[in-house]
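# Structural overview for review
Each chain, written out:
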Amino acid sequence: MDTLTVAAASGMRSRMESLDLLANNIANASTSGFKSDGEFHALYTSADAGPDAPELPVIEKRWTDFSQGTLTATGSPLDVAISGSGFFVARSPGGLLYTRNGSFRLSTGGLLQTQEGYPVLGSDGKPIQLDPGQTIEIGGDGAIHQGGAEVARLAVMECPDLDALSKRGSTYYSLDPKGLPARPASSAGIHQGALENANEQPAQAAVRLVSVLRQFEMLQRAMSLGSSMNKQAIEEVAKV
């Protein structure tokens, strides 16, 4: 296969990965606590391909933008948002998960849960148990009061090494045990009756989506050109 076709095919593959990533960002633009993804591009050359091998465009690594999203008031006492660094902690069947999505609910037994049914953990590492029949008040420090007494405190943890976080679904993250351990967030503010919006800007994502599509079309034309040149070369050789 000629150099032009190989390079164009590699470029098309990386653009397809970019399109999938952008489409996921746009699809989650209205998901509370969602953090958008980006990618690092690089040029790859096989060590076994020889000195004249082409440099192929590839996506070297994906990354997540953990910047703060805007907060929107909802008025629901079980909606909680974080300003600053930090994550809520939930316990799933597969282990601890970290999230910025504070859209919580109460089970019939009064257990504070995520919308997926995962128990939300308190600062003591235990699931938070509340009385469904009493008013729930959550302070700026995460303390939960019912009947005038503090009954629990939300665990809000920060991860010193954000690269150690891996996405699990749209708004959950698991922490690599080989990375630095999570620790209580030092600069997080808790806001009851509010949710953090996704930090994805749909207009910017749409503009980039169009740009990547155009790049894909140009690479597709380059592949067609390479195929035509190869066909012409074969026909010329056959005439000799």
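You'll find the structure just up there.
Residues numbered from 1 in each chain as written. Predicted model: local features only at pLDDT ≥ 70, side-chain atom pairs only at ≥ 80, totals over all residues. Heavy atoms only, no water.

### Some thoughts on the sheet that holds strand β9 (residues 137-138)
Here is the rule we go by: Pairing between strands is defined by DSSP: at least two bridges between them are needed. Every helix listed is a DSSP run of H or I at least four residues long, and every strand listed is a run of E at least two residues long, numbered separately from the N terminus.
Here three strands make up an open sheet; going across it, the order is β9-β10-β11 and the pairing antiparallel. A strand with exactly one partner marks an edge of an open sheet, and here the two such strands are β9 and β11 (149-153). The pairing of β9 with strand β10 (residues 143-146) spans two bridges and is antiparallel. When the sheet's bridge partners are listed, Glu137 is paired in β10 with His145.

### Details of the pattern of salt bridges
Inclusion rule: Salt bridge, as used here: a side-chain nitrogen of Lys or Arg that lies within 4 Å of a carboxyl oxygen of Asp or Glu. Exposure is judged per residue with a 1.4 Å probe applied to protein chains only, and the accessible area is read against the type maximum: over 50% gives exposed, under 20% gives buried, and values in between give partly exposed.
Per the counting criterion, the structure on display carries eight salt bridges. For Glu196, the salt bridge goes to Lys35, with nearest N and O atoms at 2.5 Å. Placement of Glu196 in strand β17 (residues 194-196) and of Lys35 in the loop between α1 (3-27) and β1 (37-44) is noted, with a sequence separation of 161 residues between them. Classification of Glu196 by relative accessible area gives buried; the value is 1%. When the shortest N-O distance is used, the salt bridge between Asp141 and Arg153 registers 3.0 Å.

### A few points about the sheet that holds strand β15 (residues 183-184)
Within the open sheet, the six strands sit side by side as β13-β14-β6-β5-β12-β15. Their pairing is antiparallel. Looking along the sheet, the strands with just one partner apiece sit at the ends: β13 (165-168) and β15. For strand β5 (residues 87-92) and strand β12 (residues 156-158), the ladder comprises two bridges, and the chain directions are antiparallel. Across the sheet, Phe88 pairs through a bridge with Val156, a residue of β12.

### What about the side chain of Ser174?
So the rule is basically this: For the purposes of these results, a polar contact is taken to be a pair of N or O atoms within 3.5 Å, where, inside protein, one atom must be able to donate a hydrogen and its partner to accept one; residues adjacent in sequence count only when each atom of the pair is a side-chain atom. A contact between two residues is defined here by any heavy atoms of the two lying within 4.5 Å.
Turning to its location among the elements, Ser174 is positioned in strand β14 (residues 172-175). A polar atom in the side chain of Ser174 sits 3.2 Å from the side chain of Arg168. The contact partners of Ser174, leaving out residues within four places of it in the chain, are Leu96, Leu97, Ala164, Leu165, Ser166 and Arg168.

### A short note on the packing of aromatic side chains
Note on aromatic pairs: each is described by the distance of the centres and the angle between the planes. The line we're drawing: Any Phe, Tyr or Trp ring, taking Trp's six-membered ring, that has another such ring centre within 6.5 Å forms a pair; planes under 30 degrees apart are called stacked, those over 60 apart edge-to-face, and the others tilted.
All told, the structure shown has five aromatic pairs when counted by the stated rule. Among the aromatic residues, those joined into a ring-pair cluster are Phe66, Phe87 and Tyr173.

### Re the nonpolar core
Our working definition: Put simply, a nonpolar core is a bunch of buried Ala, Val, Leu, Ile, Met, Phe, Trp, Tyr and Cys residues held in one set by side-chain atoms that sit within 4.5 Å of each other.
Phe88, Leu112, Ile128, Ile144, Leu154 and Ile190 are the most contacted members of the largest nonpolar core, which totals 16 residues. Sequence-distant contacts of Leu112, that is, excluding residues within four places in its chain, are made with Leu78, Phe104, Arg105, Leu106, Tyr118, Pro119, Val120, Ile128, Leu130 and Leu154. Among the nonpolar cores identified, the runner-up in size contains 11 residues, and Tyr98, Met157, Ala164 and Leu175 belong to it.

### A word on the environment of Asn25
Among the structural elements, Asn25 can be located in helix α1. Here Asn25 is in contact with Phe34, Ser36, Asp37 and Glu200, once residues within four sequence places are set aside. Only 2.9 Å separates the side chain of Asn25 from the backbone oxygen of Asp37, close enough to count as a polar contact.

### Let's talk about the pairing of strand β6 (residues 95-99)
Summarising the sheet, β5 and β6 pair through five bridges and their orientation is antiparallel. Each bridged residue has a counterpart across the sheet, and for Ser92 the counterpart in β6 is Gly95. Counted along the chain from β5 to the antiparallel partner β6, the turn is two residues long.

### Considerations on the pairing of β10
In sequence, β9 turns back onto β10 through a hairpin of four residues, with Gly142 there showing a positive phi of about 90°. As paired strands, β10 and β11 are joined by four bridges and run antiparallel to one another. Across the sheet, residue Gln146 finds its bridge partner in β11, namely Ala149. Here β10 folds back onto β11, and the loop between the two strands holds two residues, one of which, Gly147, carries a positive phi near 60°.

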